[in-house]
Amino acid sequence: MLCSKMEGALNSQINAEYYSSYLYLSMAAYFDSINLLGMANWMRVQAQEEMVHVMKFFDFVAERSGRVTLTSIDGPPTDWASPVAAFEAALTHERHISSLINKLVDLALAESDHATNNFLQWFVAEQVEEEATADGIVQQLRLVKDAPGGLFLLDRELSQRTFVPPAATP
Ligand code: OFO
């Protein structure tokens, strides 16, 4: 059973994860509009992964006899100054999400809610990966600067990303 404070905080995180998905889909639309279709693909996959995060929180709240309450999602930005600016914004966003996850862990520990703390550890590890991946692309884009050849190669590399649905639990 979740305490009401934890239930409220997990519901807020559901909203934050939805926003993440919405943000990355908006970035996908931006990359589509400037014909960087590999980067658009990468962002689409990222948006799908964020929906996996939404459902992990959703299912966990329900499993703990909590009540999921959905709230309105803020509109994301729709334009960025350049490809690197979009990926920098993605990195900044992931750092923000990491801080939200850390606060959830703090709350779970303060409430002696070990089940929620245990559940959140998956997200703690996931955020390390999310930040590192976004940072890696930012670094490559900074190296490439505006060289069309480099941008073309990086775009082609990012077109390879595919969405892997989470393994079904037996
Ligand atoms: Fe990008 O990890 Fe969820 O929000």
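A. View of the overall build of the protein chain. When you go through the protein chain residue by residue, the secondary structure sums to 5 helices and 0 strands. Its C-alpha radius of gyration of 17 Å places the protein chain within 12% of the 15 Å reference for a compact globule of 170 residues. Taken along the three principal axes of its C-alpha coordinates, the protein chain extends 55 × 35 × 25 Å. Expressed as a percentage of the 170 residues in the protein chain, the buried residues total 43%. Here the analysis covers contacts within the protein chain between residues at least 6 apart in sequence; of these, 82% occur between residues at least 24 apart. When the accessible surface of the protein chain is summed, it comes to about 9200 Å², and 57% of that surface belongs to carbon and sulfur atoms.

B. Highlighting the layout of surface pockets. By volume, the second largest pocket amounts to about 150 Å³. In terms of lining, the second largest pocket is formed by E49, V52, H53, K56, W122, E126, T162, F163, V164, P165 and P166. The biggest single contributor to the lining of the second largest pocket is helix α2 (residues 37–63), with 4 residues.

C. Looking closely at the pattern of salt bridges. Inspection of every chain in the model, using the stated rule, returns 5 salt bridges. Between R161 and E49 there is a salt bridge, with the nearest N and O atoms lying 3.4 Å from each other. Here R161, found in the segment after α5 (148–158), pairs with E49, found in helix α2; they are 112 residues apart in sequence, far enough to count as distant.

D. Fine view of helix α4 (residues 114–144). Relative to the 45 Å expected for 31 residues at 1.5 Å per residue, α4 spans 46 Å between its end C-alpha atoms, a close match to the ideal helical length. The largest bend in α4 is about 25°, located at L120. Just past α4, the residue K145 takes up positive phi, approximately 50°.

E. Representation of the nonpolar core. In terms of nonpolar packing, the biggest core is built from 26 residues, with F31, M39, M43 and F87 touching the most fellow members. Broken down by secondary-structure element, the contributors of at least two residues to this core are α1 (4–33), α2, α3 (83–110), α4 and α5. Sorting elements by how many residues they give to this core places α1 first, with 6 residues. Excluding residues within four positions of it along the chain, M43 makes contact with Y24, M27, A28, F31, F87 and A90. The next biggest cluster of nonpolar side chains, apart from the first, holds 20 residues, and it includes L10, A16, V61 and V68.

What counts as what
- For every chain, the first residue of the written sequence is number 1, and numbering continues from 1 onward in sequence order.
- Only residues with pLDDT of at least 70 get local features here, since the model is predicted, and only at 80 or more are side-chain atom pairs given and counted; chain-wide, interface and lining totals rely on the full set of residues.
- Side-chain numbers here rest on the full set of heavy atoms in the structure, without hydrogens or water.
- Helix and strand definitions here come from DSSP, where helices need a minimum of 4 consecutive H or I residues and strands a minimum of 2 consecutive E residues; each element is numbered from the N-terminal end.
- Using C-alpha atoms as the atom set, the radius of gyration is obtained and then compared with a globule rule of 2.2 Å times the number of residues to the power 0.38.
- Under the scheme applied here, a residue whose accessible area is under 20% of the maximum for its type counts as buried, over 50% as exposed, and between as partly exposed, the area being computed with a 1.4 Å probe on protein chains only.
- Note on contacts: a residue pair is in contact if any heavy atoms of the two residues lie within 4.5 Å.
- Here the Shrake-Rupley method, with its probe set to 1.4 Å, supplies the accessible areas, and only the displayed protein chains count as covering residues.
- As defined here, a cavity is a set of points on a 1 Å grid over the protein atoms alone where a 1.4 Å probe fits but cannot get out. A pocket is an open set with protein on both sides within 12 Å along at least five of seven lines, and residues line them when an atom is within 4 Å of a point.
- Grid points are joined across faces, edges and corners, and a volume is the space filled by probe spheres set on the points.
- For this analysis, a salt bridge means a side-chain nitrogen from Lys or Arg found within 4 Å of a carboxyl oxygen belonging to Asp or Glu.
- Every helix has an expected span of 1.5 Å times one less than the residues it contains.
- Note that bend, as reported per residue, equals the angle between axes fitted to the 7 residues terminating at that residue and the 7 residues originating from it.
- Put simply, a nonpolar core is a bunch of buried Ala, Val, Leu, Ile, Met, Phe, Trp, Tyr and Cys residues held in one set by side-chain atoms that sit within 4.5 Å of each other.

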